[in-house]
Structures are given as C-alpha cells and as structure tokens.
Amino acid sequence: MDTWEDDKPDGEEGEEGGDGWQVVNRSATIFLIDAVREMFDDPEDAEEDPPFTRAIKAVHATLMRKAISSTHDQVGVVFFNTREAKNKLDYTGVYVFQDLQRPCAENILAMEKLIKMHPAQFDSQYGQTDKASIHDALRTCQTVFLDCDKRQLGRSILLFTCRDDPHSQNEQVRRQAVAKAKDLKESRIALEILHMGAAFDVNKFYKDLLFDELDDGESETTREQRILADPTTRLSQLMERVTRLENKQRPSATVQFTLAPGVEMTVGLYTVVRSAVKPKKLKLWKNTNEEVKSVTKQFLEETGGLLLPSDLAYYQTYGDKKIIFTPEETRSMVNVYEPGIVLLGFKPMSFLKTELFFKSPSFIYPKEKDASGSTKLFTALLERCLARQVLALVRCVPRAHSSAIFAALIPQAEVLDETNAQVQPPGFLLHPLPYADYISKMTLEKRTVASDEQIEACKKVVKKLRGEYHPEDVDDPSAETHWEVIKALALNRQRIEDVPDQTVPDVENIEKVAGPSLKEFERMVYPPSYDPLAKLPTASTRPSSGVKKEKVDPSTMDVEAMLKKGKGNSLTVPVLKAWLIKRRVVVTAKKKAELLQDAMDLLE
C-alpha cells in the first residue's frame, strides 16, 4: 500500500489544543531535474518536446496551479549535472535554481523563459556534465528543506531523469545514493521518480533507491513484485503523475478505529471531493492597501460595559423558566461519544441504495506511524470485505465537539492505469447514512404514465448518450475566467486565454451519436406541433390579462383608519412618507419599520 503524507513533520512539535494536533496546511516540493545532455535530445515523436522541456513545463504547470489553489505551499527547483554549481554545500554539478518559496509571478516567468531557451543557450549559461552524484543532489535538497524558516506539513522531492543507471561505474557512489535515500525516508521526506524515456529500466538503479527496505509485514517475494509505473514518453502522462505526486493528501482528522474491544488501529480521514470556489473579496485601506479587519464587540445595554465571551450564557425555556447553560456546557452536549470510529457490523453491498447517498464521502487510510500494526489490520479488513463483497457499518465521531454520524465503509481496491501508475488508492470510502427524518416521501396525485413504447424509446436515447463522468473533468467557466484575469494581471500579459465552457452541451456530437433515437423519442412523446428550439415565453411575450393595476394616489388613502385597523404593513413607503411629511415629521433615511413606528406614535 502506498504511503500517504503524515500530519506532523519529523522533528516538529504540533500545537496541542482541544481537538488534538493542529494541522499546518502547508507542503513543500522540490523539483530535482537532471540537466545531462541526453535530457535535451529530441524524442522519436516529433510532436513531443525533449525530456528537459517536458520537466520544466510540469514545474510551470505546478506553479500556476499552486498560485491558485495552494498559495501557502512552497516550491523549489534544483538542477544537477550542470557545469556551474550553486549550493551551500559546494557540491559539484548541483545548481539551486529557485529556493523554497511560495509561487509568485517572478518564478513563473523564469520557468517560461527556460521553456523557450534553446539547448545551446542553456549549455552556455549553466553547462552540462554527467559527473554529478545523486547523493549530492539529494543532500542539497535536504539542506534546502532545513534552511526554510516555515513549518511544512509534507516534504517531497520529485526527480526528473532519463538515465536509468547513472553510477554504473562507481559502486561507492551508488551505495552513498541509496543510503541518502534511506536517510530521506527516515526524515519523512518523500522521494518520487519521474522517469522519462521508453527504454528506461527502473531495476538497474532506482528500484534500490526507492525500495531500500522491507515494509512492515512484507516478504522478500512481495518486495520483488513491487514495480514503478512505466516510464513516461508523453507530456500528458507526465503532467498527470506530477499532479498526483505533488498533491499529497492531508488528513482532515486522525482517529482510532475500533474493531472489537482491545482491537484498534489508527486511520486518517481524507477529503475526497471539495467544491472549487473563487477567493473572497478583501476590504483594503485605500492609503496603504492594508487589509481592513472588522471587530465585533458586545456591550451591556444598561451600563454600556463591554461584554466578554465568559459573560455570555445560553438558555432553554422549559416550563416558563429559563434554564441557563455555560458555553462549556453547551459544547459538551454533543460529546455523547468519544472521537473515533467503532465497527457495528457488516452488510452486503446491495444494502446501500441510491437514495442513501446524500453527502460527499471521506476516504480512510491507515496511519502506521501513529500506531504500529495499523497497516496489517487495515489491509486484512479491506481484503476480506472485497473478497466477500460486503460493506461495514460504523459509528464515526471525527473530532471532539462533533456530532456522531452512522456511515457505511465501502471497500475500494487499488486501480492502476495502462502504465502501472496508480489512479485509485486502496482503502475505504466512508459514506454518511441519512437519519429516517432526512428521507421524505412524495405523493404525486396527477401524473401521466408513459407507455412501453415511449419507455423503450427513452432507453435508446440514454444508452446512446451514456459515458463516463468525473467531476474533475468539468471546470467552472466563471472561476476559470476569474483566475485567467488574475494571471494576466500578475504576469503583465495583454490578453487572457480563452476559457472553454465545458458545461455547454456538445449539440453537434449529440446529434451525430443519437440523432435518429432523439427524433424517434420526440415523435412518440411530444405532439406534432412541438418545436424543441422554440424559446420559452418571457414576461414581455406572455399575453396579458388586459387588466392593469391603477396607481393609487397617496393623498386619497385613509392612512389613519388603516393604522387603527392594524393594516399598517400594507401601506407602502411613499404613502407613509407623504402622510408623515404633512404632519411635519422627518422621514429622511428612514426604513419602513421606523416610518410605521412614527405613524403609530402620532396616533397615541
């Protein structure tokens, strides 16, 4: 099973509070790029770029993505196998191109400059060699992490190379590289290889670099069966892998999963789906552009004294009495159960009906570092659920002061694509189940029942237009346009790129695939005069009833009589203002409630 990011970096203490460890939402990624001459060779496919250019484009895409979605994350770029050297340890052939820092316009423009740079120009500015040591490059990246003054939730190194055996002639340097990779793993720095080139053989060197020791409970045979994804030859494959590797999942909560009394493991809860939203507007002071923050304070009406949070209390009316609760008592009311997941039983997969899916799920995965043996127990439970095609029913309290939910744990097997890259990790999907009062029953009194022929015609249309759907494949055109405008301003560009609207149906393709079926369905369901392209009637095109409401003259209304009958709310603001002005009452900047109150005061 793959290792997911822990929520506490090595050697760093979290801030302990009421909910346990507070997660620092920041990760750091260093792109370690091989600058050897082979990285600049033209590939066999004329439409593809050289490996070095593909790597730089992947870095550029990551910077653009993080500048929008993860502004607190940090990114660094390091070259190795360069003639020029730039690093604090004075290693030969290692060049720190960009230190760890948040994505900014300057770094993005520097990547764009490298993309357009000719190989000869790169050679004259940075140089190329094949003498750099993998150990020195990894040690430099480790130093860059340590020199950063920001706390980091996850640290990872993404190594781009097309050479499968860089130290074949020097066994000592090879052992040093393997030892350094083990040191990175102990320091909780993830090392990932983005190998490029169809002839790349991971077994020559990099398999020992990544899989240097057996995992818990893993046999030697199982270790030999572990493989890396096939080497990439296309930019699209490389982009997908970079996105998966640099977007390390961060747990929203870490809880104990109790299978039976005394049988427990630690698991992390991860968010599966989250809506993409535009950033909120900030109010700035016009003189300095500093953010203006609003502060709300409460005062006692009788004395004008400032009220502190400890001075406030909550009450519940019961039997004409106010039962007072302190804030601590109010928060403790929801603490019926301790935080954690408790196994209640098992049900066949057919138990989970479509109407029970009412909320987005969470993904749970073992946390071996928090409790030894969690991976073994979790894997055994997952394998048996998959083998018997059953789901688990659990009670889940994700964190302190959270309400308990009952949920179904749906087993999910690992899925690899055609290049052996993981597209779906193994684990459980935690689907919250609705309570009985969440499900309502609808009764339709007057309805037209479709005939069997109409149903069959509809089935044909559905089958023709059926396809795979993934939410991440459809972007919000409004949000994308918003970010394109910001990119153009930040990068000083004169025009923005066109944003395709993927929410608009592809009418031409639909007509091509299901045209005859749609016409048959239209003929059987709708009347002959039906026009699907006709516009719906609007307010301006609807036929009027011929009766127009006459405007009421405020001077003719008996406001006083209506107020006495309790019909003051039916009076409009202009009528109230006209009536009050005649009685010399100030009506400027007053709302309807204030005008009504003034009118009632005159009648008393």
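Below, the discussion takes up the overall build of the protein chain. Looking only at helices and strands, the protein chain features 16 helices and 20 strands. The 604 residues of the protein chain split such that 36% are buried. Taking all contacts inside the protein chain whose residues are at least 6 apart in sequence as the whole, residues at least 24 apart take part in 69%. Carbon and sulfur atoms make up 51% of the accessible area of the protein chain, which amounts to about 39,200 Å² in all.

Negative charge collects at one region of the surface, where Glu472, Asp473, Asp475, Asp476 and Asp501 lie side by side. The topology assignment puts Asp473 in the loop between α11 (452-465) and α12 (477-490). Under the relative-accessibility criterion, Asp473 is labelled partly exposed at 46%.

What follows concerns the packing of α11 against helix α13 (residues 507-525). At a minimum axis distance of 9 Å, the contact between α11 and α13 shows a crossing angle of 165 degrees. Comparing the axis directions of α11 and α13 gives the class roughly antiparallel. Seen from above, α11 lies across α13 with left-handed handedness. Along the contact surface, α11 presents Glu453, Gln454, Ala457, Cys458, Lys460, Val461, Lys464 and Leu465, while α13 presents Ile510, Val513, Ala514, Ser517, Leu518, Glu520, Phe521, Met524 and Val525. Class assignment for the residues of the contact of α11 with α13 results in 11 nonpolar, 2 polar and 4 charged.

With that out of the way, let us pick up the pairing of strand β17 (residues 405-412). Within β17, 6 of the 8 residues are buried, which leaves it mostly tucked inside the rest of the structure. When strand β16 (residues 390-397) meets β17, the two strands line up antiparallel, connected through 5 bridges. Paired with Leu393 across the strands is Ala408, a residue of β17. Examined bridge by bridge, β17 and strand β20 (residues 427-432) share 6 bridges and lie antiparallel to one another.

Attention shifts here to the sheet that holds β16. Two orientations exist for strands paired in a sheet by backbone hydrogen bonds: parallel and antiparallel. Judged by pairing direction, the barrel is mixed, and its 7 strands sit side by side in the order β8-β9-β15-β20-β17-β16-β14 before closing back on the first. Each neighbouring strand pair of the sheet contributes to a mean axis angle of 40 degrees, computed without reference to strand direction. Where helix α10 (residues 374-388) meets the sheet, its contacts fall on β8 (253-260), β9 (263-271), β14 (340-348), β15 (362-366), β16, β17 and β20, and the angle it forms with β9 comes to roughly 75 degrees.

This part takes up unusual backbone geometry. At Asn289, a position not held by glycine, the phi torsion is positive, near 60 degrees. Note that Asn289 resides in the loop between β9 and β10 (298-299).

If you walk through the whole model with that rule in mind, you get 20 aromatic pairs. These aromatic residues form a ring-pair network of at least three members: Phe40, Phe52, Phe79, Tyr95, Phe97, Phe122 and Tyr126. Directly above the aromatic system of Tyr315 lies the positively charged group of Lys322, at a separation of 4.8 Å from the ring centroid. Positioned over the ring face of Tyr337 is Arg395, at 3.8 Å from the centre of the ring.

Take the side chain of Asp164 next. Of note, Asp164 is situated in the loop between β6 (154-161) and α5 (171-186). Overall, the relative accessible area of 14% leaves Asp164 in the buried class. A polar atom in the side chain of Asp164 sits 3.2 Å from the backbone nitrogen of Asp201. For Asp164, the contacting residues outside a window of four places in its chain are Ala199, Phe200, Asp201, Lys204, Phe205 and Tyr206.

Attention now moves to the pattern of salt bridges. For the structure on display, the rule yields 15 salt bridges. Of the charged contacts in the structure, one is a salt bridge between Asp183 and Lys180, with a shortest N-O distance of 3.0 Å. Taken together, the residues span about one helical turn, with Asp183 and Lys180 both in helix α5 at a distance of 3 residues. With relative accessibility at 27%, the residue Asp183 sits in the partly exposed group.

Calculation rules
- Residues numbered from 1 in each chain as written.
- Predicted model: local features only at pLDDT ≥ 70, side-chain atom pairs only at ≥ 80, totals over all residues.
- Heavy atoms only, no water.
- Helix = DSSP H or I, 4+ residues; strand = E, 2+ residues; numbered from the N terminus.
- Buried < 20%, exposed > 50% of the residue type's maximum accessible area, 1.4 Å probe, protein only.
- Contact = heavy atoms within 4.5 Å.
- Areas by Shrake-Rupley, 256 points an atom, 1.4 Å probe, with all protein chains shown as cover.
- Patch = residues over 30% accessible without salt bridge, like charges linked within 9 Å, V, L, I, M, F, W, Y side chains within 5 Å.
- Salt bridge = Lys/Arg side-chain N within 4 Å of Asp/Glu carboxyl O.
- Lys, Arg positive; Asp, Glu negative; His and termini not counted.
- Charge placed at Lys NZ, Arg CZ, Asp CG, Glu CD.
- Axes fitted to C-alpha atoms, helices over the stretch in contact; angles between N-to-C directions.
- Parallel < 35°, antiparallel > 145°, perpendicular 65-115°, else oblique.
- Left-handed = near helix turned anticlockwise from the far one by under 90°.
- Nonpolar A, V, L, I, M, F, W, Y, C, P; charged D, E, K, R; others polar.
- Pairing = 2+ DSSP bridges.
- Phe/Tyr/Trp six-rings, centres within 6.5 Å; stacked < 30°, edge-to-face > 60°.
- Lys NZ or Arg CZ within 6 Å of the ring centre and 35° of its normal.
- Polar contact = N/O pair within 3.5 Å; in protein donor to acceptor, adjacent residues only side chain to side chain.

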